[in-house]
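Here is how the chains run, residue by residue.
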Amino acid sequence: MSPHLKSVAELSRGLAAREFSSVELTRHFLARIEAGNPRLNAFVTVCAERSLAEAARADAAIAAGGAGPLTGVPLAHKDIFCTEGVLTTCGSRMLANFVSPYDATVVSRLAAAGMVTLGKLNMDEFAMGSSNETSFFGPVRNPWNEAFVPGGSSGGSAAAVAARLAPVATGTDTGGSIRQPAALTGLTGIKPTYGRVSRYGMIAFASSLDQAGVLALSAEDAALVLEAMAGFDERDSTSVDAPVPSYRAEIERPVRGLKVGIIREFFGEGLEARTGAAVQAALDVYRRLGAELVEVSLPNLALSVPTYYVVAPAECSSNLSRFDGVRFGYRCEDPRDLLDLYTRSRGEGFGPEVKRRIMTGTYVLSAGYYDAYYLKAQKVRSLINEDFRRAFAEVDVLIGPTAPTPAFELGAKMDDPITMYLNDIYTIGANLAGLPALSAPCGLVDGLPVGLQVIGPHFAESRVLAAAHAYQRETDWHLKVPAGWE
Amino acid sequence: MTLTRRDVENIAHLARLRISEEELPAYAGSLSRIIDFVEQLASADTAEVAPLAHPLEDQVQRLRPDAVTETDRRDLYQRNASQVEAGLYLVPKVIE
């Protein structure tokens, strides 16, 4: 089997058995990127020389017997993670020339685990988007059909792994930015509990929601990589100081007796019929495996999108105020005075969606509106959080669709922000409540993948991954490769 | 329309964003739609509800010893700046 069709787990075994070297593997993926990336636009930066040097070091470690399970396995990072000495753009003109002077903790941990960085992946500008069409570097295309979007904001991560240009990729998820693109490209993507993975060096969008995670070919691969990424980091004040379990070992737990809550509100109006049918078929698999399925209601979940579109823009307007054209990032030509320097650098450096969100946030935080919008949204967030808490008193995991439809065509939703925002209707709840959530492929509709979402209580990453792993032992949706990328 | 062109000009000024005359109507339209959309939050009864600012309710900010942990890397950091001189960041003259 060609190396690009192998999972991370299989690559790890192949490297240990000396079936191939990390340098050979890295060359293979670099060649696939060179051939395939012009069609997909998944990579912003390819680190060819650097990755081959890292691979040579990994090979030396394997030869010396000092290798871990991820040593020598290539990966690529979403371009939101600062990478020392490498362009880190966040998909924006604002950072199009920014060479990071340091590594994000996610980057340094995976490098310390011996992983080889192939490059940096395209994304919606500052992670604001659900289709990867807001990137300054142009849209990413879906390998299942290049006229369609790959989802966003981790669209480059999704397209690269789905097209087998990289075995696994990092991503970030503020309102669904790992799970929705994973669903739209047939991948397994996990957003862990808020605070589980360090956000040091991960460019901030909405700090009470942002979390890093993985897009992979299977729950097993996601478990392997998440285990290496997760853990306490004193450089992130929201990082949780709790031991990281062995996700890889714990995913073998069977689902017999698992109490699965079916979220009633996720199966109503708005869910495309065949996507719903694919999710229902997946639920039958869980029944067959001995899980106990019960319907649950989260009555306030319907307000999650409006809540998010107050909270996230408010936080982004604050976070993005650091981009002032002075210390780093884009600066306009010939500023007249300091105000002109600020307003034109920001006006020209940010794209339309980012400016729209900054202005939405500025408005909802402004004097006279704070109580009506921001404080109100934080109270509704409490209600949504309480809905989840009540549900998890009854069930072990919640299952439903990840996105209401399969991928849509490029340009289809760019005219109306509300239509675009509603893509995240099923994913935003987990961010508002800080819960671990995963998407796994569960079918194809007109040749496009659809995803099944599993949500767990805080720190139940193992349980969520185990539920997906059990499903993937019974089905082969996760093994499907888009035509032309075999 | 909830927001006028004048409102958008004001918001853009608060956010220090230069928005051109031609762009104002489009932003007024899309921002109004967003504000109208989030108005549905008003339907929720939150009279007795405390606001949630952080998803892990019981987490507190850690304290650390007040010790120097960062080294001086000014030259490296300033490589990303548009204009520096003698270790200083340059901006247009503020005081005449």
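Position numbers for residues start from 1 in each chain and track the written sequence from start to end. The naming scheme follows written order: chains are lettered A onward, ligands numbered 1 onward. Local features are withheld for residues below a pLDDT of 70 in this predicted model, meaning they are given only at 70 or higher, and side-chain atom pairs are given and counted only at 80 or more; totals for whole chains, interfaces and linings count all residues. The basis for every side-chain value is the complete set of non-hydrogen atoms in the structure, without hydrogens or water.

## Structural notes on the overall build of chain B
And step 1. For helices the rule is a DSSP run of H or I covering at least 4 residues; for strands it is a run of E covering at least 2, with both sets numbered from the N terminus onward. Secondary structure assignment for chain B yields three helices and two strands.
And step 2. Listed N to C, the secondary structure of chain B is α-α-α-β-β in terms of helices and strands.
And step 3. The atom set for the radius of gyration is the C-alpha atoms, and the globule formula is 2.2 Å times the number of residues raised to the power 0.38. Rg of the C-alpha trace for chain B: 23 Å, well past the compact-globule value of 12 Å for 96 residues, more than 25% over.
And step 4. Taking the principal axes of its C-alpha atoms as reference, chain B extends roughly 55 × 45 × 25 Å.
And step 5. Every one of the 96 residues in chain B was classed for burial, and the buried ones make up 32%.
And step 6. Total accessible area on chain B is roughly 6,900 Å²; 52% of this is exposed by carbon and sulfur atoms.
And step 7. Averaging the positions of the 11 positive and the 17 negative side-chain charges in chain B gives two centres separated by 9 Å. To sort residues, take the accessible area from a 1.4 Å probe on protein chains only and compare it with the maximum for the residue type: under 20% means buried, over 50% means exposed, and anything in between is partly exposed. Residue burial considers only the protein chains on display, and all accessible areas are found by Shrake-Rupley using a 1.4 Å probe. The charged-residue count follows a simple rule in which Lys and Arg add positive charge and Asp and Glu add negative charge, with His and chain termini not counted at all. Charged side chains are reduced to one point each, which is NZ for Lys, CZ for Arg, CG for Asp and CD for Glu.

## What to know about the overall build of chain A
And step 1. The helix and strand tally for chain A stands at 16 helices and 11 strands.
And step 2. A compact globule built from 486 residues should have a C-alpha radius of gyration of about 23 Å, and chain A, at 21 Å, falls within 12% of that.
And step 3. Along the three orthogonal principal directions, the C-alpha set of chain A runs to about 65 × 55 × 45 Å.
And step 4. By the burial criterion, 67% of the 486 residues in chain A qualify as buried.
And step 5. Across chain A, contacts joining residues at least 24 apart in sequence account for 75% of those joining residues at least 6 apart.
And step 6. A total of about 15,200 Å² of accessible surface is found on chain A, and carbon and sulfur atoms cover 51% of it. Contacts were defined at the residue level, with two residues in contact if any of their heavy atoms lie within 4.5 Å.

## Considerations on the pattern of salt bridges
Residue and element names in this part refer to chain A.
And step 1. By definition here, a salt bridge exists when the distance from a side-chain nitrogen of Lys or Arg to a carboxyl oxygen of Asp or Glu is within 4 Å. Taken as a whole, this structure holds 27 salt bridges over all chains when the rule is applied.
And step 2. Residue Glu250 pairs with Arg253 through a salt bridge whose shortest N-O separation is 3.3 Å.
And step 3. A salt bridge links Arg287 to Asp284; its shortest N-O distance comes to 2.6 Å. You can see Arg287 and its partner Asp284 sitting in helix H9 (residues 273–288), three residues apart, about one turn around the helix.

## Here we look at the interface of chain A and chain B
In many analyses, interface size is given as the accessible surface area lost on bringing the parts together.
And step 1. Each side of the interface is counted separately: chain A has 71 residues, and chain B has 52 residues.
And step 2. As a working definition, buried area equals the accessible area (1.4 Å probe) given up by two parts on being put together, with both sides summed. Summed over both sides, the interface between chain A and chain B buries roughly 5,100 Å², with carbon and sulfur atoms accounting for 67% of that surface.
And step 3. The largest contributions to the chain A side of the interface with chain B come from Arg331, Met359 and Lys376 of chain A, which together make up 12% of the buried area.
And step 4. Inspection of the region where chain A meets chain B yields one salt bridge.
And step 5. We note a salt bridge from Asp416 of chain A to Arg33 of chain B, for which the minimum N-O separation is 3.4 Å.
And step 6. Residues adjacent in sequence count toward polar contacts only when both atoms are side-chain atoms; beyond that, a polar contact is any pair of N or O atoms within 3.5 Å, and within protein one must be able to donate a hydrogen and the other to accept it. Across the chain A-chain B interface, the total number found is 17 residue pairs in polar contact (both at pLDDT 80 or more).
And step 7. If you list the elements that add at least two residues to the side of chain A that touches chain B, you get helix H10 (304–319), helix H11 (338–349), helix H12 (352–365), helix H13 (371–394), helix H14 (417–421) and helix H15 (428–433) of chain A.

## A closer look at the pairing of strand E5 (residues 188–191) of chain A
All names here are of chain A.
And step 1. The two faces of E5 match: Thr188 and Ile190 on one face and Gly189 and Lys191 on the other face are all buried.
And step 2. A pair of strands is labelled paired if DSSP reports no fewer than 2 bridges between them. Pairing of E5 with strand E6 (residues 212–216) involves three bridges; the strand directions are antiparallel. In the strand pairing of E6, Gly189 is matched with Leu215.
And step 3. When E5 meets strand E10 (residues 437–445), the two strands line up antiparallel, connected through three bridges.

## A look at the packing of helix H2 (residues 22–40) of chain A against helix H3 (residues 48–63) of chain A
Residue and element names in this part refer to chain A.
And step 1. Whenever a helix is involved, its axis is fitted only over the stretch in contact; in every case the axis is a line through C-alpha atoms, and angles between N-to-C directions fall within 0 to 180 degrees. With their axes 8 Å apart at the nearest point, H2 and H3 run at an angle of 155 degrees to one another. Accordingly, the angle class assigned to the pair H2 and H3 is roughly antiparallel. In terms of crossing hand, the pair formed by H2 and H3 is right-handed. Only Ala48, Ser51, Leu52, Ala55, Ala56, Ala58 and Asp59 of H3 make contact with H2, whose side of the interface consists of Ser22, Val23, Thr26, Arg27 and Leu30.
And step 2. Tallied by class, the residues present in the contact of H2 with H3 amount to seven nonpolar, three polar and two charged. If an angle is under 35 degrees, it is roughly parallel; if it is over 145, roughly antiparallel; if it lies from 65 to 115, roughly perpendicular; otherwise it is oblique. Note on convention: the crossing is left-handed when the near helix lies turned anticlockwise from the far helix by less than a right angle, right-handed when the turn is clockwise. Here the term charged refers only to Asp, Glu, Lys and Arg, the term nonpolar to Ala, Val, Leu, Ile, Met, Phe, Trp, Tyr, Cys and Pro, and the term polar to all other amino acids, Gly among them.

## Some points on a nonpolar patch on the surface
And step 1. Residues form patches when they are more than 30% accessible in relative terms and have no salt bridge. Like charges link within 9 Å. Nonpolar side chains (Val, Leu, Ile, Met, Phe, Trp, Tyr) link within 5 Å. Residues Tyr77, Val84 and Tyr89 of chain B make up a contiguous nonpolar surface patch of about 230 Å² in total accessible area.
And step 2. Tracing the sequence through the fold places Tyr77 of chain B in helix H3 (residues 74–78).

## A few points about the packing of aromatic side chains
All names here are of chain A.
And step 1. Whether two aromatic rings pair depends on their centres lying within 6.5 Å, for rings of Phe, Tyr and Trp, where Trp uses its six-membered ring; planes under 30 degrees apart make the pair stacked, over 60 edge-to-face, and the rest tilted. Applying the stated criterion to the full structure yields 16 aromatic pairs over all chains.
And step 2. For the ring pair Phe126 and Phe350, a centre distance of 5.7 Å and an interplane angle of 70 degrees mean the geometry is edge-to-face. Residue Phe126 is located in the loop between strand E3 (116–121) and helix H5 (155–162), and its partner Phe350 is located in the loop between H11 and H12; the two are separated by 224 residues in the primary sequence.
And step 3. By relative accessible area, which is 1% here, Phe126 ends up buried.

## A few points about the environment of Tyr471 of chain A
All names here are of chain A.
And step 1. Position of Tyr471 relative to the elements: it lies in helix H16 (residues 461–474).
And step 2. On a C-alpha basis, the gap between Tyr471 and Leu283 in space is 9.5 Å, while along the polypeptide they are 188 residues apart.
And step 3. With near-sequence residues (within four places) excluded, Tyr471 lies in contact with Ala282, Val285, Tyr286, Pro441, Cys442, Leu452 and Trp477.

## Brief notes about the side chain of His469 of chain A
And step 1. Checked against the element boundaries, His469 of chain A lands in helix H16.
And step 2. Setting aside anything within four residues of it in sequence, one finds His469 of chain A in contact with Ala219, Glu220, Ile251 and Glu252 of chain A.

## Here's the deal with the packing of H9 of chain A against H16 of chain A
Residues and elements named next belong to chain A.
And step 1. At their nearest, the axes of H9 and H16 sit 10 Å apart, and the two run at 95 degrees to each other. In terms of their interaxial angle, H9 and H16 are classed as roughly perpendicular. Touching Ala282, Val285, Tyr286 and Arg288 of H9 are Ala467, Ala468, Tyr471 and Glu474, all from H16.
And step 2. Residues belonging to the contact of H9 with H16 are distributed by class as follows: six nonpolar, no polar and two charged.

## With respect to the side chain of Arg164 of chain A
All names here are of chain A.
And step 1. By secondary structure assignment, the location of Arg164 is in the loop between H5 and strand E4 (169–172).
And step 2. Of the polar contacts made by the side chain of Arg164, one reaches the backbone oxygen of Ala162; its length is 2.9 Å.
And step 3. In this structure Arg164 touches His4, Leu5, Phe29, Arg32, Leu217, His478, Leu479, Lys480, Val481, Pro482 and Trp485, once residues within four positions along its chain are discounted.

## Some remarks on the nonpolar core
Residues and elements named next belong to chain A.
And step 1. Grouping buried Ala, Val, Leu, Ile, Met, Phe, Trp, Tyr and Cys residues that are joined through side-chain atoms within 4.5 Å yields what is termed a nonpolar core. By size, the foremost hydrophobic cluster in this structure holds 173 residues, and its most contacted members are Phe126, Phe388 and Leu465.
And step 2. In terms of residue count, H13 provides more of this core than any other element does, nine residues in total.
And step 3. Those residues in contact with Phe388 that sit more than four places away from it in its chain are Leu298, Leu301, Leu398, Gly429, Ala430, Ala433, Leu435 and Ile455.

## Re the confidence of the model for chain B
And step 1. Note: pLDDT gives the predictor's confidence per residue, expressed from 0 to 100. Looking at chain B as a whole, the pLDDT averages 92, with 98% of positions reaching at least 70.
And step 2. Scored by ipTM, the complex comes to 0.96, with pTM at 0.97.

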